[in-house]
Amino acid sequence: MSNTPVFPAASLLGYPRIGRRRELKKAIEAFWAGKIDAVELDAAAKEIQLGTARRLVELGLTEAAAVPGTFSYYDQVLDAATHIGAVPARFGDLRNADGQLDINAYFTLARGTVEQQPLEMTKWFDTNYHYLVPEIGPETTFSLTSNRIVEQFEYALANGFETRQYLVGPVTFLLLSKASDDAPAGFSPLSRLEDVLPIYAELLTRLGAAGASWVQLDEPALVADQDVSLAEIQAAVARSYEVLGAAAGRPSILVSTPFGALAELLPTLAAAPIEALHIDAFKGAVPSAEELALLAGKTIVAGVVDGHNIWRNDLAKSAARLDVLKAAGLNITVSTSTSTQHVPHDVTEETQLSAELRSWLAFADQKVTEVVTLAAHLVDPASSAAAIAEASAIIASRAAAPGVKRPEVRDRLAALTAADFNRSAYSVREAAQEESLALPPLPTTTIGSFPQTSEIRSARARANKGAITGDEYTTLMKEEIKRVVDLQEELDFDVLVHGEPERNDMVQYFAENLEGFDVTVHGWVQSYGSRCTRPSILWGDVTREKAITVEWAEYAQSLTAKPMKGMLTGPVTILAWSFVRDDQPLGDTANQVGLALRDEIADLEAAGIKIIQVDEPALRELLPLRKADQAAYLDWSVNSFRLSTAGAVDGTQIHTHLCYSEFGVIIDAIDGLDADVTSIEAARSRMDVVNDLEAHGFGRGVGPGVYDIHSPRVPGQAEVTELLGTAVKHVPARQLWVNPDCGLKTRGYAETEESLRNLVNATKEVRAQL
Ligand code: GLN
Ligand code: ZN
């Protein structure tokens, strides 16, 4: 295009959508509860969109198209699905009288109906954000069924802001989709590309007609290894942008590729008729000279500021990267590596953190300033020299600050030997545990948490506000523990739990009780839909000043003659659900957490606890996007778990818990954890996982879940008996444990009691037949 508008010198790939005070969450939940109507919801959404635009302009994103139009009511993949009509046939026709998928249809797909499960949810690349998985088959009919991104553009423009609207790109959309229930075996959603492209093209035409100068098509799937062959993906990328490039009256196109290096797909995009290409120059590499030569004529949007973690950018390093790109004679602009939807809004709100810690951090708003500073550097290095020097000084002071490096932790890690990562042979442990525990065959247990009642939440809130004393809070929690223990006795469980009432969250609880962490007050990040988490900040060397869980476990054990499980969160999960320091390898940080947990286990043993569960639900989550990087990850992650647990004596039974059932890729790693008992999710897949376990020859205790705790539905006794019948066909009965899929925290008591009763009775039935 001869009259290509210039791409803004400074931009962001995306901005948090949930609102500085989670206004969107509140509005959506009020809409679901029937407290506000669609018009009021729309008004609340508009206010958030305009608030974002105003804020970003104030922070320096003043050029046209610099403000990203990344608002979403729930999820960006669902947005794409509802624009192009990708509704699974199982929902019937959700279009309204105008042939559109309105907000009710949108939330139906996200949340399901009485008869239909919602779209499945899964992790967005290596983040803790979850998107909804479209279901595509030969039967899917694509058509333009929503105009929302165009309307959002028009509304912002009418209010004086020209945004750059965002859409998940067609190749990523189809690669993230799964085959529908109606599709034949082996069907690939990517085979529907030709049918999807005209709809995308029409949307671009509409955006152009509305006055948009730029549009952003997000293609992160291109930086991750896929099951589809590279040649097929290259062809799909080339074809997609050939079609979209030819869309009549379209805006200029930016293709964004966050989360890593494009590698083999860079030349494909370089040859495509798009005007700007974003590269992740933070996590990915700066392209080589040959690659840069291919990019001539396009604007390169260099993502040098990390959108996915919260550390102040090393501006000097970023400036050097930008200088390399500029020296190649390319038109360079500055952005974040990913959308900043993965970080909180504004660090200046965290006034409870020390000024020093705050100076090390950059949340979304601070990242805007960094991007603007770096853009200024490209024009005139002198203009940003002071800011760059300040960043370097702060990063240097961070490295030397107390608590960042603790010699005692480093010495202890340096002195570790292979023996610290290994327990005795399993046969030796098994014999010792049989003696110390004397459990029946098919022992019954639960995963840890019991329903978090409103009484528990209110007690915690009152304790946080100082309305009750610490002692009063402890008494309330102990009463709750006693109730939970009595219930398990009455239900006749073999191995008991204390129910975890004292934990706000399985990671934050440990972060609050370990040195080297801090927690935020307003640092909410969208996890999925209206759900947010508040990740802790792991900034320093990790130490444990005093025992964390022992008093609770000891008290719970005192209430019963049956074994009480100690309950800890594993090092990988603690890292995965926190913002983690970037100044040393993750494996070193994981081992520091591992040592703290190892000490906690020793204290639990000393207090008479004989079974200790170390949860690692996030082990699969951090798996790198490139296959070549996976072995190294699995190596350090498994080792940190082993370091946590290998100090236990033979007679102590170590459990672990993983909450997913796609086991295939990491089954060796799971085996490598060397836990005595592993509980896993299995109820939804009707015990499919036992086939994997059998094929692998998994030799230690295993508890495939027999109760899907994600829904209030109560599994009948016969159903559990049947699942156990399947399990004993594939796993020797002496290895088998009986438990739900996951913790019961989100369940109500009525369904929980009935389900657990059925679980125990079914076990007794199957035991009698052994
Ligand atoms: N022990 C935890 C619980 O029961 C495990 C939670 C999880 O796996 N996510 O709540
Ligand atoms: Zn779980």
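Residues numbered from 1 in each chain as written. Chains lettered and ligands numbered in written order. Predicted model: local features only at pLDDT ≥ 70, side-chain atom pairs only at ≥ 80, totals over all residues.

Draft legend 1. Just the overall build of the chain, in detail. Looking only at helices and strands, the chain features 27 helices and 21 strands. Projected onto its principal axes, the C-alpha positions of the chain cover 80 × 60 × 50 Å. (Helix = DSSP H or I, 4+ residues; strand = E, 2+ residues; numbered from the N terminus.)

Draft legend 2. Inspection of the site of ligand 1 at higher detail. Not every one of the 13 residues close to ligand 1 is listed here, only the nearest: Ile 447, Gly 448, Ser 449, Pro 617 and Gly 743. By residue class, the composition of the shell around ligand 1 is six nonpolar, four polar and three charged. (Near = placed C-beta within 6 Å. Nonpolar A, V, L, I, M, F, W, Y, C, P; charged D, E, K, R; others polar.)

Draft legend 3. Highlighting the sheet that holds strand 16 (residues 565-569). Pairing in this open sheet of five strands is parallel, and the strands run 16-18-19-20-21 from one edge to the other. The open sheet has two edge strands, strand 16 and strand 21 (701-704), and neither has a second partner. Here the strands of the sheet are splayed against their neighbours by 20° on average, with no regard to which way each runs. Bridge analysis of strand 16 against strand 18 (residues 611-615) gives five bridges, and the strand direction is parallel. In the sheet register, Met 567 faces strand 18, and the bridge partner there is Gln 613. (Pairing = 2+ DSSP bridges. Axes fitted to C-alpha atoms, helices over the stretch in contact; angles between N-to-C directions.)

Draft legend 4. Representation of the UniProt feature "active site" (unreviewed entry) in the chain in the model. Taking the numbering used here, the UniProt-annotated feature "active site" (unreviewed entry) corresponds to His 710. Inspection of the secondary structure assignment puts His 710 in the loop between strand 21 and helix 26 (717-730). Residue His 710 is classed as partly exposed on the basis of its C-beta count, with 14 C-beta atoms lying within 10 Å. (UniProt positions renumbered as here; feature names shortened; annotations may be inferred. Buried ≥ 20, exposed ≤ 12 C-beta atoms within 10 Å, placed from the backbone.)

Draft legend 5. Here's a closer look at the pairing of strand 21. The alternating pattern of strand 21 places Gly 701 and Gly 703 and Val 702 and Pro 704 on opposite faces, both of which are buried. Sheet topology note: the strand 20 (residues 677-680)/strand 21 ladder contains four bridges and is parallel. Counterpart to Ser 679 in the pairing with strand 21 is Gly 703. The parallel pair strand 20 and strand 21, bridged by helix 25 (residues 689-696), forms a crossover whose chirality is right-handed. (Right-handed = clockwise from strand over helix to strand, strands pointing away.)

Draft legend 6. Looking closely at the sheet that holds strand 17 (residues 578-580). Taken together, the three strands give an open sheet; going across it, the order is 12-15-17, and neighbouring strands pair in mixed fashion. Edge positions in the sheet fall to strand 12 (515-518) and strand 17, since each has one partner strand and no second. Pairwise comparison of adjacent strand axes, ignoring direction, gives a mean angle of 35° for this sheet. Sheet analysis places strand 15 (residues 536-543) next to strand 17, joined by three bridges and oriented parallel. Paired with Leu 538 across the bridge in strand 17 is Val 580. Along the sheet face, helix 22 (residues 586-606) touches strand 15 and strand 17 and points at about 70° away from the line of strand 15. (Contact = placed C-beta atoms within 7 Å.)

Draft legend 7. The arrangement of the environment of Leu 292 in detail. With respect to the helices, strands and loops of the structure, Leu 292 is situated in helix 10 (residues 289-294). For Leu 292, a count of 19 C-beta atoms within 10 Å gives the class partly exposed. Considered as a pair, Leu 292 and Gly 329 are 37 residues apart in the sequence and their alpha carbons are 8.9 Å apart. If we skip the residues at most four places from it in the chain, Leu 292 touches Pro 287, Ala 328 and Leu 330.

Draft legend 8. Just helix 8 (residues 230-245), in detail. For helix 8, with 16 residues, the first-to-last C-alpha span of 22 Å sits near the 22 Å given by 1.5 Å per residue. Of the residues making up helix 8, those classed as buried are Ala 236, Val 237, Ser 240, Tyr 241 and Leu 244. Mapping the buried residues of helix 8 onto a view down its axis gives an arc of 115°, with all of them on the same face. Where helix 8 is buried, its residues meet helix 6 (170-176), helix 7 (193-209), strand 8 (252-256) and helix 9 (266-270). (Expected span 1.5 Å × (residues − 1). Arc of directions from axis to C-beta.)

Draft legend 9. Main features of helix 13 (residues 364-379). Compared with an ideal rise of 1.5 Å per residue, which puts 16 residues at 22 Å, helix 13 spans 23 Å between its outermost C-alpha atoms and is within 8% of the ideal. Of all 16 residues making up helix 13, 13 are buried, and the element is well covered by its neighbours.

Draft legend 10. Up close: unusual backbone geometry. Even without being glycine, Asp 492 reaches a positive phi, approximately 75°. For Asp 492, the location among the structural elements is in the loop between helix 18 (470-491) and helix 19 (508-513). Residue classification places Asp 492 among the partly exposed residues on the basis of 14 C-beta atoms within 10 Å. Positive phi values are uncommon outside glycine, yet Asp 674 reaches one of about 60°.

Draft legend 11. Here's a closer look at the nonpolar core. With 205 residues, the main nonpolar core has Ala 302, Leu 322, Val 334, Val 371 and Ile 612 as its most contacted residues. Setting aside chain neighbours within four positions, we find Ile 612 in contact with Lys 565, Gly 566, Leu 568, Ile 601, Leu 604, Ala 648, Thr 652 and Ile 654. (Core = buried A, V, L, I, M, F, W, Y, C linked by C-beta atoms within 7 Å.)

Draft legend 12. Summary view of the packing of helix 25 against helix 26. One can describe the packing of helix 25 onto helix 26 by two numbers: an axis separation of 9 Å at closest approach and a directional angle of 15°. Between helix 25 and helix 26, the angle falls in the class roughly parallel. Note on packing geometry: the crossing formed by helix 25 with helix 26 is right-handed. For the pair helix 25 and helix 26, contact is made by Val 690, Asn 691, Leu 693 and Glu 694 and by Thr 726, Ala 727 and His 730, respectively. Partitioned by chemical class, the residues of the contact of helix 25 with helix 26 number three nonpolar, three polar and one charged. (Parallel < 35°, antiparallel > 145°, perpendicular 65-115°, else oblique. Left-handed = near helix turned anticlockwise from the far one by under 90°.)

Draft legend 13. Representation of the environment of Asp 629 within the structure. Mapping Asp 629 onto the fold places it in helix 23 (residues 627-645). On a C-alpha basis, the gap between Asp 629 and Lys 546 in space is 36 Å, while along the polypeptide they are 83 residues apart.

Draft legend 14. The arrangement of the pairing of strand 13 (residues 525-528) in detail. Strand direction decides the pairing type here: strand 13 and strand 14 (residues 531-533), joined by three bridges, are antiparallel. Across the sheet, Tyr 528 pairs through a bridge with Arg 531, a residue of strand 14. The turn linking strand 13 back onto strand 14 is made up of two residues, and Gly 529 within it adopts a positive phi angle of 50°.

Draft legend 15. Examining the environment of Met 477 more closely. The topology assignment puts Met 477 in helix 18. Here Met 477 falls in the buried class, since 22 other C-beta atoms lie within 10 Å of it. Ignoring anything within four residues of it in the chain, the contact list for Met 477 reads Pro 501 and Glu 502.

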